[in-house]
Amino acid sequence: MSSRWVDVPCRCCECLRCCGRREPRPRTVWLGHPEKREQRYPRNVINNQKYNFFTFLPGVLFNQFKYFFNLYFLLLACSQFVVEMRLGALYTYWVPLGFVLAVTVIREAAEELRCYVRDKEVNSQIYSKLTARGTVKVKSSNIQVGDLIIVEKNQRVPADMIFLRTSEKNGSCFLRTDQLDGETDWKLRLPVGCTQRLPTASDLLQIRSYVYAEEPNIDIHNFVGTFTREDSDPAVNESLSIENTLWASTVIASGTVVGVVLYTGRELRSVMNTSNPRSKIGLFDLEVNCLTKILFGALVVVSLVMVALQHFAGRWYLQIIRFLLLFSNIIPISLRVNLDMGKIVYSWVIRRDSKIPGTVVRSSTIPEQLGRISYLLTDKTGTLTQNEMVFKRLHLGTVAYGLDSMDEVQSHIFSIYTQAQEPPAVKGPSLATKVRRSMSSRVHEAVKAIALCHNVTPVYESNGVTDQAEAERHYEDSCRVYQASSPDEVALVQWTESVGLTLVGRDQSSVQLRSPGGHILNFTILQIFPFTYESKRMGIIVRDESTGEITFYMKGADVVMAGIVQYNDWLEEECGNMAREGLRVLVVAKKSLTEEQYQDFEARYVQAKLSVHDRSLKVATVIESLEMEMELLCLTGVEDQLQTDVRPTLETLRNAGIKVWMLTGDKLETATCTAKNAHLVTRTQDIHIFRLVTNRGEAHLELNAFRRKHDCALVISGDSLEVCLKYYECEFMELACQCPAVVCCRCAPTQKAQIVRLLQERTGRLTCAVGDGGNDVSMIQEADCGVGVEGKEGKQASLAADFSITQFKHLGRLLMVHGRNSYKRSAALSQFVIHRSLCISTMQAVFSSVFYFASVPLYQGFLIIGYSTIYTMFPVFSLVLDKDVKSEVAMLYPELYKDLLKGRPLSYKTFLIWVLISIYQGSIIMYGALLLFESEFVHIVAISFTSLILTELLMVALTIQTWHWLMIVAELLSLSCYIASLVFLHEFIDVYFIATLSFLWKVTVITLVSCLPLYVLKYLRRRFSPPSYSKLTS
């Protein structure tokens, strides 16, 4: 659900919204006492609607009449109330305008209603609230600052909260934050110590305590606050940081938690990172608007010429207005309606396409945009990848095990534990280095290191047969799930389980493994050195309870581990090989320690941790004293599985001339790995990893280094990007746009939107953003075309997007087939509607000029309405079913899409060609009718109008490239309607004359002269200069 939560009373209009907001201030929030608030806070309401009940009609009408096109017709219709300007019946102007507005209002109302229903669903989610009367149920929209809310496992956090209590024994909980920051790693969160120690959750209401919090801000990675309990002696003060927060849009991954609400509504971190959705206007609509302005210019010129040829006689200014009204057909009112109905048809066709099931069109106003995308900006996690890690490779230097040879690893492990009922004790490090161990022993050491060196906790849940306590006591396999902050680690532990060494238990101080024989191996955790983005490694020191041995295990990225392990000649080469396969590589090493070595280390480590100045530096120095000459055990390769057909889809997009940028909140190494794996970066391309820069000088040097590279993919982090955009925005964007592919990692949601905005401004090209999480909403709403992928991350992105798909691979067909067809059909339709109007206007101009420049209409009443409705509407509109190539051909040759990027289907050149055709045909029909009529004026009307209708029907047939049965029905239906209506049109047409042979041959000759030359020209053009698509269809 799109994260635009707004304060409902303050959203009547943009200015009120600004006026209603006070400057955000820090706040004191009393636990369980929302009534003690010191300021007014926004309601916790989600609202994706563009209008409310009162602003709907004014808003829709304003959005329609702000276009020159529609405003012109409104003024035209209003002018008919002035008697001197009236040219015919009022209905000839007001009925078409009313129809246009009715179609628009109904479409907007339907979209608003859909939004309202979706918003209501989210606002009505039920949560439990702790009160003095016990636990009560409360809707998400009724949650207030200060409320104590209970959130269950797998439930979405409804507001920004401070974490007070958890049901987990280890006193912590895991959060899934992919909706907020795009990272798949689960985050560990800690409750406030004072509240976690209380006997029950209801005691939270018995204590006098409050949270002092900073003012609401955009930073999702930091928080500053304090917790104070006043009724204890002495008063308890605890500092609060990001570790104690539960931000809205995250999901609780373990246990049940209680939190106090700090921020709601528009003050939520997730909302402040989301831009307001804008009404998107398609480039195609802007181009059509531009053409109508040209037509209006032509209309004014023709009117002035007519009056000038009368030598500005009499009340010439009134004559100008009458001519403006007379030639008003030059700008077709039916154009807007035809295009809007066309968009509805395209949306229906997309939804009905069985090759892309589940695709939803949420914004039916911009399907043509899909046919002209130059830049595709995609999220990584859950969009390109499945967010499922699979262990692929174990490399021991002399031998490597892939998925097909894991049974060998299993047999090695089994042989080690069957030879001895307990794991083999190594006689001492000196012996271990001298004697070349057997292969089984080496495999076992590697697997044991992987099974121990991690931050994974096995958790047991009841499965209906076994309850939780019993499952935990017997280490029941079917009830166990692994929890960790990184899916990579879970994949490694699941793999060790598959080969026989299972992680069955873990707490703060010990780890339990189970051998293939079912024996439990106990290890005491002496120290843990967690993974950080700076160190790029994690370590653990454990003591084997059965032998008393102390071992230091470490795993990390190859760039840092290469300097830590003993010299070897294979590490660098094999890491490169595995990385090229798109695997995420970890290097695993170990070091055996004597009791004295460990005691010495511990004393120095504790001392370093107590120091006040340069604490982190001193701690790092002590740890580094251990990280020397470690024994290299193995390399592990884990793959984040790509979604199906991601590679061919990206290749299709690349061949179609679309540049793909990957914007992700994930780590640099992971992003680079996925880019290679998905072939976003081809095997032959170099990758330039932009160094971390913090100031102008560094950015200048790094940009110069990057400028010297050619045909090179760029990988840059969010922090470096911010510095570059601050000082060298123009230069950076110029270089980045030349790259075949760009990867931005550690990107904040607002940064993603900023990149989209810069691409639009700098290149003037159309952008398409694809994402699946809440952190992608800003980017999706900023792009010219937003596509949401419905996946594991929920529906937030797909509900905020213009188009929603179920898999990334569907994007190829959405753009190559539906985007291309929508654009080409709308281009043909718009030009044909303009042609239809210019024809009749040319005839009017010829007629007026022959009859002494009189401002008298050639056709009146029903003839003029019928011409653009029942007589020609269906055949002309049937062009929305036309296609130049089959969808299979469009998918096979994405180069066809590249042609559209130049905007050739609707350009000034094609527009001019259609104008010339219209002038030619209108002149031929009118002059032909004037030459061939006999005595009465009514015969001119009969001959010219019939020829005009037949010409239009034949021109539709000339324009169509692939016939559909509905097109034939439309042609025959229109012709039948015209013939049938002649009986009722005796006011305008001589019924007896049209039954004569004279009438028939005259109409036939005029129609042939107006259409035949165009058929000949079309044939010659296709014969000697065929378009690219015709080569594929022949």
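Residues numbered from 1 in each chain as written. Predicted model: local features only at pLDDT ≥ 70, side-chain atom pairs only at ≥ 80, totals over all residues. Heavy atoms only, no water.

When helices and strands are counted, the protein chain shows 36 helices and 33 strands. Considered along the principal axes of its C-alpha atoms, the protein chain spans approximately 125 × 70 × 65 Å. In the protein chain, which comprises 1034 residues, the proportion classed as buried is 57%. Summed over its atoms, the accessible surface of the protein chain is roughly 44,500 Å², and 58% of this surface lies on carbon and sulfur atoms. For the protein chain, the separation between the mean place of its 108 positive charges and that of its 104 negative charges on side chains is 6 Å. (Helix = DSSP H or I, 4+ residues; strand = E, 2+ residues; numbered from the N terminus. Buried < 20%, exposed > 50% of the residue type's maximum accessible area, 1.4 Å probe, protein only. Areas by Shrake-Rupley, 256 points an atom, 1.4 Å probe, with all protein chains shown as cover. Lys, Arg positive; Asp, Glu negative; His and termini not counted. Charge placed at Lys NZ, Arg CZ, Asp CG, Glu CD.)

Attention shifts here to the domain arrangement of the protein chain. For the protein chain, the domain assignment lists domain 1 (45-125), domain 2 (143-273), domain 3 (280-355 + 813-1031), domain 4 (375-384 + 643-805) and domain 5 (389-417 + 437-459 + 480-639). Taking the mean C-alpha position of each, domain 2 and domain 4 sit 33 Å from one another. (Domains from an automatic or database assignment.)

Phi at H311 takes a positive value of approximately 60°, unusual for a residue other than glycine. Looking at where H311 falls in the secondary structure, it is placed in the loop between α8 (283-309) and α9 (316-326). Among the residues examined, H311 registers a relative accessible area of 67% and is labelled exposed. Not every positive phi belongs to a glycine, and H679 is a case in point at roughly 60°. You can see H679 is positioned in the loop between α21 (668-677) and β28 (686-689).

This next bit is on a positive patch on the surface. Where like charges cluster on the molecular surface, the positive patch consists of K898, K902, R904, K909, K1018, R1021 and R1022. The element best represented in the positive patch is helix α35 (residues 997-1024), accounting for three residues. Tracing the backbone through its elements, the reader meets K1018 in helix α35. Note on K1018: relative accessible area 30%, which makes it partly exposed. (Patch = residues over 30% accessible without salt bridge, like charges linked within 9 Å, V, L, I, M, F, W, Y side chains within 5 Å. Salt bridge = Lys/Arg side-chain N within 4 Å of Asp/Glu carboxyl O.)

This next bit is on the pairing of strand β5 (residues 160-166). For β5, the buried fraction is high: seven of the seven residues fall into the buried class. Looking at chain direction, β5 and strand β11 (residues 245-246) are connected through two bridges and run antiparallel. What sits directly across from I162, in β11, is T245. (Pairing = 2+ DSSP bridges.)

Examined against the element boundaries, V236 turns out to sit in strand β10 (residues 236-240). As for V236 and C194, which are separated by 42 residues in sequence, their C-alpha atoms are 7.8 Å apart. With residues up to four places along the chain from it excluded, the contact list for V236 reads C194, F227, T228 and R229. (Contact = heavy atoms within 4.5 Å.)

Attention shifts here to a nonpolar patch on the surface. Together, L954, L1008, L1012, Y1015, V1016, Y1019, L1020 and F1024 give the surface a local cluster of nonpolar side chains, amounting to about 800 Å² of exposed area. Counting residues per element, the nonpolar patch draws most heavily on α35, at seven residues. Looking at where L1020 falls in the secondary structure, it is placed in helix α35.

This part takes up the packing of aromatic side chains. Scanning all chains against the criterion turns up 24 aromatic pairs. With a centroid separation of 6.1 Å and 90° between ring planes, the pair formed by Y375 and W661 is classed as edge-to-face. Placement of the pair is Y375 in strand β15 (residues 373-378) and W661 in strand β27 (residues 659-663), with a sequence separation of 286 residues. Among the aromatic residues, ring-to-ring pairing joins F529, F552, Y598, F601 and Y605 into one connected group. (Phe/Tyr/Trp six-rings, centres within 6.5 Å; stacked < 30°, edge-to-face > 60°.)

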